[in-house]
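# Coordinate inspection notes
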Amino acid sequence: PNDRLDKYWPITLSDNGIRDWVISHIKGGIIRNAYTRFSLLSDNENISLEDITARVIFSGFDLNYSNHFPHITNVSGVADFTKKGMNIALNDGEVLNSRIKDSIVAIDDFSDEEVILKISGQSYGNSADSLKHANYQSEFAKYLEKYLNGDSKNSFDIRVPLSDNITLNKTYIAVSSNIANLKNDFVKGDLKISSKKDFFSNSFNTKVDLTNSELGIKALDIERKLGDVADLGLSVVVS
């Protein structure tokens, strides 16, 4: 059981906070196989870690990388750790009402002045989940499914500076989606959407390809029929 990992991972092998981060943020599930190779330096009574490589093959993990973002649950994959960083390859998992596949959770360098957690990969499921990552516990997220529904296939790239004060403003989020069967008061059909929020911004700059959908905004006297080439650009600010 992964919840017993702290009993098998020596406290002395915790340079750069690798051990503490894993035990605090990854819960549940089963470790199916694991190995490690490490070397120690002894200077009189002081022992320090010179180098370490480790691999863990797992299933059923729950990853809580930040309370500001939805947890990734029931994850299976392979995690590789070195003294410098980590790379967790997620073969399968669940987030909100979607499934993820072929994804990566990585930290390039634990010793960087600003440690960045990188999350990238593919997902499919409820279209609204793509933007719920922006602030999934907010009022903004509650109304998303009214306007962003249907089924979607997505790619995502999220980068979170790890600190005691993680905020949306400090993160980078980029999402692209192919959405089928969208239906709201303005758009019906299929569309392609891409949205990006840069570091130190609360604005999601979004582009929508409406060629395979119908668009009607009566208040602005805008109407586009299925097959008409049409793009929509907008900026959504999340406070």
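Residues numbered from 1 in each chain as written. Predicted model: local features only at pLDDT ≥ 70, side-chain atom pairs only at ≥ 80, totals over all residues. Heavy atoms only, no water.

## Some remarks on the side chain of T171
Tracing the backbone shows T171 in the loop between β8 (151–161) and β9 (172–183). Taking the relative accessible area as the measure of exposure, T171 reaches 0% and is therefore buried. Residues in contact with T171, not counting those within four places in the same chain, are F69, R159, V160, P161, K197, D198 and F199. (Helix = DSSP H or I, 4+ residues; strand = E, 2+ residues; numbered from the N terminus. Buried < 20%, exposed > 50% of the residue type's maximum accessible area, 1.4 Å probe, protein only. Contact = heavy atoms within 4.5 Å.)

## Let's talk about empty space enclosed by the protein
Under the definition given, this model contains 6 cavities of 30 Å³ or more. Put simply, the second largest cavity is a space of about 70 Å³. Around the second largest cavity, the lining residues are N2, L5, W9, V22, I26, I31, V56, F58, F61, A79, F81 and I88. Only β3 (46–63) and β4 (72–82) provide two or more residues apiece to the lining of the second largest cavity. For the lining of the second largest cavity, the element with the most residues is β3, which contributes 3 residues. Its residues assigned to classes, the lining of the second largest cavity comprises 11 nonpolar, 1 polar and no charged. (1 Å grid on protein atoms, 1.4 Å probe; cavity = no way out; pocket = protein on both sides within 12 Å on 5 of 7 lines; lining within 4 Å. Points joined across faces, edges and corners; volume = space filled by probe spheres on them. Nonpolar A, V, L, I, M, F, W, Y, C, P; charged D, E, K, R; others polar.)

## Here we look at the pairing of β8
With 11 bridges connecting them, strand β7 (residues 116–126) and β8 associate as antiparallel partners. Across the sheet, G121 pairs through a bridge with F156, a residue of β8. (Pairing = 2+ DSSP bridges.)

## Details of the confidence of the model for the chain
Put simply, the chain has an average pLDDT of 86, and 95% of its residues get 70 or more. Within the chain, no element has a lower average pLDDT than helix α4 (residues 139–142), which sits at 70, and none a higher one than β4, at 92. (pLDDT = per-residue confidence, 0-100.)

## What to know about the pairing of strand β6 (residues 98–107)
As paired strands, strand β5 (residues 86–95) and β6 are joined by 9 bridges and run antiparallel to one another. Each residue of the ladder has a partner; that of I88, found in β6, is V105. Hairpin connection of β5 to β6: 2 residues between the antiparallel strands, including L96 at a positive phi of 50°. Relative to β7, β6 runs antiparallel, the two being bridged by 8 bridges.

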